[in-house]
Amino acid sequence: MVTHQLNPDKWVDQYADYLFNFAVARVSDAEIAKDLVQETFFAGLKSAKNYKGDAAERTWLIAILKRKVIDHYRKINSKKGKAEVRMSYSSSSDSEGDWLEEQVADPFSNLENSPIENEELGMAIQECISKLPKKQALVFKMKTIQGVSTEDICNELGINPSNLWVMIHRSRTALMGCLNENWF
């Protein structure tokens with residue numbers, strides 16, 4: 001296993017543009033995206049002692065940024081206690097529209113959310129997954145939780161990629177509705 005090291009002196013040069021593009025795609029506001037990237041760098045510096053080296057530096061920073069985006073939406077929607085993460089379904093990338101996955105606890109940071117909240121969210125997600133049709137639930141778990149490739153899922157289940165993405169989309173839509181009713 002490769003162990004990665006943090007190099008904060010190079011974060012701005014190496015990752016600022018990538019993090020900014022990631023953030024602006026989710027908040028649709030360049031100024032807010034800049035603030036979120038800055039907050040990400042500060043949080044990374046504060047939690048550097050918790051970095052175990054299991055993930056690449058950029059991956060670790062993206063995980064922190066995801067939490068910052070979620071916190072941003074929670075803050076602006078705090079009146080009703082709801083957190084909405086902007087969804088964008090695009091065929092340009094497998095990670096586009098991963099709104100649910102972005103709300104799951106970040107395994108690399110102990111400082112971003114309370115363990116109780118993460119546990120409650122995990123239980124709510126599992127409960128909502130159990131309400132999906134069996135094949136949809138299986139496809140969703142394989143693709144988003146287990147990280148199985150599209151090709152492997154299609155071969156194993158005898159479906160085509162278009163059908164797979166329709167099931168993923170329907171699963172995410174159903175899970176969003178379920179979570180909005182039962183958790184937020």
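The model shown is predicted, which means the values in this text are computed figures rather than measured ones.

Asker: Would you take a moment to explain the pattern of salt bridges for this structure?
Answerer: Where charged atoms from two side chains of opposite charge approach closely, those side chains can pair. Following the criterion strictly, the structure yields 2 salt bridges and no others. K34 serves as the salt-bridge partner of E31, at 3.4 Å between the closest nitrogen and oxygen. Placement of both E31 and K34 in helix α2 (residues 30-46) is noted, with a separation of 3 residues, approximately one turn of the helix. Assessed through its relative accessible area of 45%, K34 is described here as partly exposed. Across the salt bridge formed by D71 and R74, the nearest N and O atoms sit 3.9 Å from each other.

Asker: Help me understand the environment of N21, please; the structure alone is not making it clear to me.
Answerer: Here N21 shows up in helix α1 (residues 11-27). N21 sits in the partly exposed class, given a relative accessible area of 47%. C-alpha of N21 to C-alpha of A33: the two residues are 12 residues apart in sequence and 8.1 Å apart in space.

Asker: Please explain the packing of α2 against helix α3 (residues 57-76) as it appears in this structure.
Answerer: Describing two packed helices takes the angle between their axes plus the distance from one axis to the other. Look at α2 against α3: their axes get within 9 Å of each other, and the N-to-C directions meet at 125 degrees. As judged from the angle between their axes, α2 and α3 are oblique. Along this stretch, α2 crosses α3, giving a crossing that reads as right-handed. On α3, the residues that touch I32, L36, V37, E39, T40, F41, A43 and G44 of α2 are W60, L61, I64, L65, K68, V69 and H72.

What counts, and where the lines are drawn
Residues numbered from 1 in each chain as written. Predicted model: local features only at pLDDT ≥ 70, side-chain atom pairs only at ≥ 80, totals over all residues. Heavy atoms only, no water. Salt bridge = Lys/Arg side-chain N within 4 Å of Asp/Glu carboxyl O. Helix = DSSP H or I, 4+ residues; strand = E, 2+ residues; numbered from the N terminus. Buried < 20%, exposed > 50% of the residue type's maximum accessible area, 1.4 Å probe, protein only. Axes fitted to C-alpha atoms, helices over the stretch in contact; angles between N-to-C directions. Parallel < 35°, antiparallel > 145°, perpendicular 65-115°, else oblique. Left-handed = near helix turned anticlockwise from the far one by under 90°. Contact = heavy atoms within 4.5 Å.

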